[in-house]
Amino acid sequence: MKKGDFMTEYKLKYGCNPNQSPARIHMDGKEMPFTILNGSAGYINLLDAFNAWQLVKELKSATGLASAASFKHVSPAGAAVAHPLTETDRKVCFVPEGLELSPIASAYVRARGCDRVSSFGDFAALSDECDESVAQFLVKEVSDGIIAPSYSEKALEILKSKRRGNYLIIQIDPDYEPEEIETKQVFGMKFEQKRNNCQITPNLFDELPTQIKELPEIAKIDLLISMITLKYTQSNSVCYCMGGQTIGVGAGQQSRIACTRLAGTKADNYFLRTHEKVTSLPFIDGIRKCEADNAIDLYISDDCEELLKDGVWQRYFTEKPSVFTKGEKEEWHKNMTNVALGSDAFFPFEDNIERAVKSGVKYIAQPGGSVNDEAVIKCCDDNKIAMAMTGIRLFHH
């Protein structure tokens, strides 16, 4: 893209809701750093797109790896860096048989695979060019749009066929840097602040007040993913990561423990989805991915019997699956370990650590600064957890 390719104003059909019209996006007469290659953008689409782009750009810079995110309602449902998928990963993420995944495609598949139910109707963001591999996967998913620095010709051709030709495709200028001061208006009053341009880098994890002082390299990557994800997640928030991707994001809760429980449950569900009983479910031919996702979500829950009622299971399966028993889940759950956990603010009480342990957490990064820090550190030591105190709070509103 070059100067002149950009708009100075983009009129929206409406704002957050249909009654909020007129609506537009602009930069006081300056050219905006994006162009719309296909479809038409909504207010929330653009909030998702620009928050998601910042996340993946920063994640690529911090890790050196192709990065992707799946956003819904201005918070990430998942984020990941490029890493090859195992056969189990491919089943969990519904990768079509025979589809070869490029590094950027593997990042997006993993990001969406974190919480596929929440990613229904997502906004996708890529740090690198969107290639044919991404497009071939995404064309079969329910998604509202995508933002990337560039697109291959074949990828554009494929994506333009989505949503009856109305799939939203945004190209962002990768070199654009916003002004130092940002502004928002609430109830007629303008708020101004310095942008949160703090750098999330591995040296933030150098200060470990716990007995365990060392972090393996994969844990550092997972903690980077966790903290950068939190930087663009509605607060309060915590994020569980494992193997180069988020596995549970708890966003927008009023209490820290509610975040830890919510994200922990999502992480537990992610891990249950890797069990053979789930990856081998006998789905009927032609079932939509979103229907299979919803069925899996119910199958691994405590309400499994609702799915297996006569007249219900036949809508999804060729034969009735056996119950995924509590004992089987507990036994499988014992294999969940080496999970990393980040928090956008300090843990005020030990209960957060105790809940995290139940989801296999061995590495934690949080700002510190609570009057109860010593008790939290001791709880980490009692559970053989390495915890870094970064000194950086990451509230996002």
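What follows covers the overall build of the protein. The helix and strand tally for the protein stands at 13 helices and 15 strands. Rg of the C-alpha trace for the protein: 21 Å, near the compact-globule value of 21 Å for 397 residues, within the 12% margin. The principal-axis extents of the C-alpha atoms in the protein amount to approximately 60 × 55 × 40 Å. Counting over 397 residues, the protein shows a buried share of 51%. Taking contacts inside the protein between residues at least 6 apart in sequence as the whole, the part at least 24 apart equals 58%. With an accessible surface of roughly 18800 Å², the protein has 49% of that area assigned to carbon and sulfur atoms.

On to the pattern of salt bridges. In total, this model carries 23 salt bridges according to the counting rule given. Taking the shortest distance from any N to any O, the salt bridge between Glu328 and Lys277 comes out at 3.1 Å. Here the residue Glu328 occupies a position in helix 11 (residues 326–333), and Lys277 occupies one in helix 8 (residues 276–279), the gap between them amounting to 51 residues. Relative accessible area serves as the criterion here: at 30%, Glu328 is assigned to the partly exposed category.

The next point concerns the layout of surface pockets. The computed volume of the second largest pocket comes to approximately 650 Å³. Forming the boundary of the second largest pocket are 34 residues, of which Lys91, Val92, Phe94, Asp293 and Ile296 lie nearest the centre. For the lining of the second largest pocket, the secondary structure elements donating two or more residues are helix 2 (87–92), helix 7 (256–272), helix 8 and helix 9 (289–299). Residue composition of the lining of the second largest pocket, grouped by class: 16 nonpolar, five polar and 13 charged.

With the rule as written, the count across this model stands at six aromatic pairs. For the ring pair Phe271 and Trp332, a centre distance of 5.5 Å and an interplane angle of 25° mean the geometry is stacked. Highlighted residues: Phe271 in helix 7 and Trp332 in helix 11, separated in sequence by 61 residues. Residue Phe271 is classed as buried on the basis of its relative accessible area of 9%. Members of the aromatic cluster, each reached through a chain of ring pairs, are Phe283, Tyr316 and Phe317. Across from the ring centre of Phe324, 5.8 Å away, lies the NZ or CZ of Lys329, which sits over that ring.

Where nonpolar side chains cluster on the molecular surface, the patch consists of Val186, Phe187, Met189 and Phe191 and spans about 480 Å² of accessible area. Position of Phe187 relative to the elements: it lies in the loop between strand 9 (181–186) and strand 10 (189–194).

Mapped onto the fold, Glu217 is located in helix 6 (residues 217–231). Judged by relative accessible area, Glu217 falls into the exposed class, the value being 55%. Residues Glu217 and Pro202, 15 residues apart in the sequence, show an inter-C-alpha distance of 9.6 Å.

Closest axis-to-axis distance for the helix 7/helix 11 pair is 10 Å, and the angle between their directions is 95°. Compared by their axis directions, helix 7 and helix 11 come out roughly perpendicular. Listed contacts from helix 11 to Asp268, Phe271 and Leu272 of helix 7 are Lys329, Trp332 and His333. Within the contact of helix 7 with helix 11, the residues separate by chemical class into three nonpolar, one polar and two charged.

This model, assessed by the stated rule, comprises zero disulfides. Cys114 takes part in no disulfide bond, and the closest cysteine sulfur, belonging to Cys239, lies 7.1 Å away. Cys130 takes part in no disulfide bond, and the closest cysteine sulfur, belonging to Cys93, lies 17 Å away. On the basis of relative accessibility, which here comes to 0%, the residue Cys130 falls in the buried class.

On to the nonpolar core. Ranked by size, the top nonpolar core spans 53 residues in total, and within it Leu126, Cys130, Ile146, Leu159, Tyr240 and Ile364 carry the most contacts. Residues within four places of Leu159 in sequence aside, it is in contact with Cys130, Ala135, Leu138, Ile146, Tyr151, Tyr167 and Ile169. Of all hydrophobic cores here, the second largest spans 47 residues; its members include Leu46, Ile172, Val249 and Tyr363.

With that settled, consider the packing of helix 1 (residues 43–63) against helix 6. Axis separation between helix 1 and helix 6 bottoms out at 10 Å; the angle between their running directions is 155°. The pairing of helix 1 with helix 6 is recorded here as roughly antiparallel in orientation. Between helix 1 and helix 6 the crossing geometry is right-handed. Contacts between helix 1 and helix 6 pair Leu55, Glu58, Leu59, Ala62 and Thr63 from the former with Leu224, Ile225, Ile228, Thr229 and Lys231 from the latter. Class assignment of the residues belonging to the contact of helix 1 with helix 6 gives a composition of six nonpolar, two polar and two charged.

Residues Ala386 and Ala388 line one face of strand 15 (residues 386–389) and the alternating positions Met387 and Met389 line the opposite face, and both faces are buried. Note on the crossover from strand 14 (residues 361–366) through helix 13 (residues 373–382) to strand 15: the handedness is right-handed.

A few words now on the pairing of strand 12 (residues 245–250). By the criterion of burial, strand 12 is predominantly enclosed, with six of the six residues buried. Here strand 11 (residues 238–242) runs beside strand 12; their pairing, made up of five bridges, is antiparallel. Counterpart to Val238 in the pairing with strand 12 is Gly250. The turn linking strand 11 back onto strand 12 is made up of two residues, and Gly243 within it adopts a positive phi angle of 65°.

Analysis parameters
- Residues numbered from 1 in each chain as written.
- Predicted model: local features only at pLDDT ≥ 70, side-chain atom pairs only at ≥ 80, totals over all residues.
- Heavy atoms only, no water.
- Helix = DSSP H or I, 4+ residues; strand = E, 2+ residues; numbered from the N terminus.
- Rg over C-alpha atoms; globule rule 2.2 N^0.38 Å.
- Buried < 20%, exposed > 50% of the residue type's maximum accessible area, 1.4 Å probe, protein only.
- Contact = heavy atoms within 4.5 Å.
- Areas by Shrake-Rupley, 256 points an atom, 1.4 Å probe, with all protein chains shown as cover.
- Salt bridge = Lys/Arg side-chain N within 4 Å of Asp/Glu carboxyl O.
- 1 Å grid on protein atoms, 1.4 Å probe; cavity = no way out; pocket = protein on both sides within 12 Å on 5 of 7 lines; lining within 4 Å.
- Points joined across faces, edges and corners; volume = space filled by probe spheres on them.
- Nonpolar A, V, L, I, M, F, W, Y, C, P; charged D, E, K, R; others polar.
- Phe/Tyr/Trp six-rings, centres within 6.5 Å; stacked < 30°, edge-to-face > 60°.
- Lys NZ or Arg CZ within 6 Å of the ring centre and 35° of its normal.
- Patch = residues over 30% accessible without salt bridge, like charges linked within 9 Å, V, L, I, M, F, W, Y side chains within 5 Å.
- Axes fitted to C-alpha atoms, helices over the stretch in contact; angles between N-to-C directions.
- Parallel < 35°, antiparallel > 145°, perpendicular 65-115°, else oblique.
- Disulfide = S-S within 2.5 Å.
- Core = buried A, V, L, I, M, F, W, Y, C linked by side-chain atoms within 4.5 Å.
- Left-handed = near helix turned anticlockwise from the far one by under 90°.
- Right-handed = clockwise from strand over helix to strand, strands pointing away.
- Pairing = 2+ DSSP bridges.

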